[in-house]
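Spelled out from the first residue to the last, the chains are:
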Amino acid sequence: NCIGGMLSADSGSIKFLDKELIGLNNKELTQYRKDNIGFIFQSYNLMSNLTAKQNLDLIGELVKNPMDSLEALKLVGLDKKANNYPTQLSGGQQQRISIARALVKKPKLILADEPTAALDYLTSIEVLSVFENILKEGNTTLVMVTHNEEIAKMANRVIRFKNGYAYETTINSRVAKAKDLEW
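Given the structure is predicted, the values throughout are model-derived calculations rather than measurements. (Residues numbered from 1 in each chain as written. Predicted model: local features only at pLDDT ≥ 70, side-chain atom pairs only at ≥ 80, totals over all residues. Heavy atoms only, no water.)

Novice: Looking at this structure, how should I read the packing of helix α2 (residues 52-60) against helix α4 (residues 91-104)?
Specialist: Pairs of packed helices are described in terms of their axes, by the angle between the two and the distance that separates them. Interhelical geometry of α2 versus α4 gives an angle of 25° and a closest axis separation of 8 Å. One way to sum up the angle between α2 and α4 is to call them roughly parallel. Considering how the two elements wind past one another, α2 and α4 form a crossing that is right-handed. Counting all contacts with α2, which are made through A52, N55, L56, I59 and G60, the residues of α4 involved are I97, A100, R101 and V104. Considered class by class, the residues forming the contact of α2 with α4 number six nonpolar, two polar and one charged. (Axes fitted to C-alpha atoms, helices over the stretch in contact; angles between N-to-C directions. Helix = DSSP H or I, 4+ residues; strand = E, 2+ residues; numbered from the N terminus. Parallel < 35°, antiparallel > 145°, perpendicular 65-115°, else oblique. Left-handed = near helix turned anticlockwise from the far one by under 90°. Contact = heavy atoms within 4.5 Å. Nonpolar A, V, L, I, M, F, W, Y, C, P; charged D, E, K, R; others polar.)

This is the structure:
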């Protein structure tokens, strides 16, 4: 929440592209979120009365140079579902719409909270493959929270937490591909 600019920390230091986030006021945090952060929530958080495309267009209206919503839908393999409402989509499709919604902003940082938690194995691999493809371009960093040790094998860096504190940081010498994960 602090990295995403949703909450302000009481102490310490959080730097994003050499800008200190601690001490920013609400207006500055809002601008930081708008300009830099894409959020992917565990529960999708799509507007049920808007189509997939409209969900993306809504976010696109908030930023200066958004990605075309149909292009974002194509990146997640759902351009043919642009006019479907969330209730007409599977859980995996809704999560991919959620990813596309984050991409519309062209964020420098994507924060993903358990993005595969409600998904079956095959759909999880689809979603993780989308992340893999996004990260190949090198314009975005992904920070993902997961309890699935297998998914952690895809990360360049893994930071483990216990009781709210980081207790271990490891660098993966061999980053796994989504298609090679099994659980």
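Right, picking up where we left off after that structure.
Novice: Help me understand α4 in this model?
Specialist: Counting along an α-helix, one turn takes 3.6 residues, and residues three or four places apart therefore face a common direction. Here α4 is 14 residues long and its end C-alpha atoms lie 20 Å apart, about the 20 Å a rise of 1.5 Å per residue gives. α4 sits mainly inside the fold: 13 of its 14 residues count as buried. Once α4 ends, the next one or two residues include K106, with phi positive near 50°. (Expected span 1.5 Å × (residues − 1). Buried < 20%, exposed > 50% of the residue type's maximum accessible area, 1.4 Å probe, protein only.)

Novice: How should the confidence of the model for the chain be read in this particular structure?
Specialist: Any segment with low pLDDT has predicted coordinates that should not be analysed in fine detail. Predicted confidence across the chain gives a mean pLDDT of 92, with 100% of residues reaching 70 or more. At the low end of the mean pLDDT range in the chain sits helix α5 (residues 121-136), at 89; at the high end sits α2, at 97. (pLDDT = per-residue confidence, 0-100.)

Novice: Mind showing me how you'd approach the environment of E168 here?
Specialist: Tracing the sequence through the fold places E168 in strand β7 (residues 165-171). Separated by 10 residues in sequence, E168 and V158 have C-alpha atoms that sit 8.0 Å apart. Among all residues touching E168, those that are not within four sequence positions of it are V158, I159 and R160.

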